[in-house]
Amino acid sequence: SDSRVPLIRERLRTTADYEGPPSESRKYDQALEIAVLAFQRRHHLGADGIAGPATLAALSVVKIPGATPLEMAQEMLERQENGRKVVSLFSPGQA
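Basis of the calculations
- Residues numbered from 1 in each chain as written.
- Predicted model: local features only at pLDDT ≥ 70, side-chain atom pairs only at ≥ 80, totals over all residues.
- Heavy atoms only, no water.
- Core = buried A, V, L, I, M, F, W, Y, C linked by side-chain atoms within 4.5 Å.
- Buried < 20%, exposed > 50% of the residue type's maximum accessible area, 1.4 Å probe, protein only.
- Helix = DSSP H or I, 4+ residues; strand = E, 2+ residues; numbered from the N terminus.
- Contact = heavy atoms within 4.5 Å.
- Axes fitted to C-alpha atoms, helices over the stretch in contact; angles between N-to-C directions.
- Parallel < 35°, antiparallel > 145°, perpendicular 65-115°, else oblique.
- Left-handed = near helix turned anticlockwise from the far one by under 90°.
- Arc of directions from axis to C-beta.
- Salt bridge = Lys/Arg side-chain N within 4 Å of Asp/Glu carboxyl O.

### Structural notes on the nonpolar core
Piece 1. Formed by 13 residues in total, the largest nonpolar core has its most connected members in Ile8, Leu12, Tyr18, Leu32, Phe39 and Leu59.
Piece 2. Listing elements by their share of this core, those giving two or more residues are helix 1 (5-14), helix 2 (30-42) and helix 3 (53-60).
Piece 3. Ranked by residues supplied to this core, first place goes to helix 2 with 4 residues.
Piece 4. Setting aside residues up to four positions removed in sequence, Leu32 forms contacts with Val5, Ile8, Arg9, Leu12, Tyr18 and Lys27.

### Re the packing of helix 1 against helix 2
Packed helix pairs are characterised by how far apart their axes lie and by the angle those axes make with each other.
Piece 1. Contact geometry for helix 1 and helix 2: axes closest at 10 Å, N-to-C directions at 50 degrees. Comparing the axis directions of helix 1 and helix 2 gives the class oblique. For the pair helix 1 and helix 2, the crossing hand works out as left-handed. Along its contact with helix 1, which presents Val5, Ile8, Arg9 and Leu12, the element helix 2 presents Leu32, Ala35, Val36 and Phe39.

### So, the packing of helix 2 against helix 3
Piece 1. One way to put it is that helix 2 packs onto helix 3 with a least axis distance of 11 Å and a crossing angle of 75 degrees. Accordingly, the angle class assigned to the pair helix 2 and helix 3 is roughly perpendicular. Together, Val36, Phe39 and Gln40 of helix 2 and Thr55, Ala58 and Leu59 of helix 3 make up the contact between the two elements.

### As for helix 3
Piece 1. Taken as a whole, helix 3 has its buried residues at Thr55, Leu56, Ala58 and Leu59. An end-on view of helix 3 places all buried positions within 160 degrees of arc, on one side of the element.

### Considering unusual backbone geometry
Piece 1. Its identity is not glycine, yet Ala16 carries a phi of approximately 70 degrees, on the positive side.
Piece 2. You can see Ala16 is positioned in the loop between helix 1 and helix 2.
Piece 3. Given the relative accessible area of 52%, Ala16 is considered exposed.
Piece 4. The residue His44 is not glycine, and still its phi comes out positive at about 55 degrees.
Piece 5. Looking at the secondary structure, you find His44 in the loop between helix 2 and helix 3.

### Describing the pattern of salt bridges
Piece 1. Going through the model one piece at a time under the given rule, you end up with 2 salt bridges.
Piece 2. Note that Asp17 is salt-bridged to Arg42, the shortest N-O span being 2.8 Å. Linking Asp17 in the loop between helix 1 and helix 2 with Arg42 in helix 2, this pair joins segments that are 25 residues apart in sequence.
Piece 3. The class of Asp17 is buried, set by a relative accessible area of 14%.
Piece 4. For Arg42, a relative accessible area of 45% puts it in the partly exposed group.

This is how it looks when you write it as structure tokens:
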């Protein structure tokens, strides 16, 4: 269980690597592991299914299709206002 899992899942939905329903679950389940593997392979990362520092760094620069930088910043602020810690996913050394 990890508080970053819902955001990882959401980012992977954005990249179309995770096809499951939206979820706030903190469980790193098999479907999420498969999605992480797919993302890692597409981005030429060490494909091990673990959301380690390199994978988290790559996810941190994922652009939401069609979104402007301002819209992406607004989305991150909205998440923070709703009590969701966006920054924790992208903090170096946390995996």
